[in-house]
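Fold and contact review
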Amino acid sequence: MFAALASGAVAAPSGQQLFEQRCGMCHSLQQAPGKMGPPLAGVVGRKAASFPGYTYSAALKGSGITWTADKLDAYSKAPTKVVPGTKMLLGAPNDAERAAVIAYLASVKK
């Protein structure tokens, strides 16, 4: 442990930490007041625009997407390219960080 500290090595943030840092401003895991995006617990395997009580864009409603890891990766990298007209405008350019967040989301059930 001390060798790692002395060498300046820093552990990469976990998928949960990245979710909280990068996604938590707009999304929560469970329904929470004040969030712009829908809750994401159980998102892997869920049909897009299907969380009850959230007002989705017409574009996402009509996308026909089911959220697999691959679809989440493409969408979270460039949401407006995957679903033009979506409400989500900001993408996550870092491949490793997206993969960590998606793995975390896959582990979080409703």
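Anything mentioned here points back to the structure above.
What you are looking at is a predicted structure, and each value in this text was computed from that prediction instead of being measured. (Residues numbered from 1 in each chain as written. Predicted model: local features only at pLDDT ≥ 70, side-chain atom pairs only at ≥ 80, totals over all residues. Heavy atoms only, no water.)

1. Quick notes on the layout of surface pockets
Space inside the largest pocket adds up to approximately 920 Å³. For the largest pocket, the lining is made up of 37 residues, of which Cys26, His27, Tyr75, Met88 and Leu90 are closest to its centre. Of all elements in the fold, only helix 2 (15–23), helix 4 (69–77) and helix 6 (95–107) reach the threshold of two or more residues within the lining of the largest pocket. With 5 residues, the top contributor of residues to the lining of the largest pocket is helix 6. In terms of residue class, the lining of the largest pocket is made up of 23 nonpolar, 8 polar and 6 charged. (1 Å grid on protein atoms, 1.4 Å probe; cavity = no way out; pocket = protein on both sides within 12 Å on 5 of 7 lines; lining within 4 Å. Points joined across faces, edges and corners; volume = space filled by probe spheres on them. Helix = DSSP H or I, 4+ residues; strand = E, 2+ residues; numbered from the N terminus. Nonpolar A, V, L, I, M, F, W, Y, C, P; charged D, E, K, R; others polar.)

2. Examining the side chain of Ser28
Inspection of the secondary structure puts Ser28 in the loop between helix 2 and helix 3 (58–61). Reaching out from Ser28, the side chain makes a polar contact with the backbone oxygen of Gln30 at a distance of 2.3 Å. Ser28 has contacts with Phe19, Lys35, Pro38, Pro39 and Leu40, leaving out every residue within four places of it along the chain. (Polar contact = N/O pair within 3.5 Å; in protein donor to acceptor, adjacent residues only side chain to side chain. Contact = heavy atoms within 4.5 Å.)

3. Overview of helix 2
Considered for burial, the residues of helix 2 that qualify are Gly15, Leu18 and Phe19. The buried residues of helix 2 all sit within an arc of 105° when viewed along its axis, so they share a single face. Of the surrounding elements, those touching the buried residues of helix 2 are helix 6. (Buried < 20%, exposed > 50% of the residue type's maximum accessible area, 1.4 Å probe, protein only. Arc of directions from axis to C-beta.)

4. Quick look at the nonpolar core
Core analysis: the biggest nonpolar cluster contains 19 residues, and Phe19, Val43, Leu60, Trp67 and Leu105 have the highest contact counts within it. Elements represented by at least two residues in this core include exactly helix 2, helix 4 and helix 6. A total of 4 residues in this core trace back to one element, the largest contributor, which is helix 6. For Leu105, the contacting residues outside a window of four places in its chain are Phe19, Leu29, Leu40, Val43 and Val44. (Core = buried A, V, L, I, M, F, W, Y, C linked by side-chain atoms within 4.5 Å.)

Shape is all these values report; function is a separate question.
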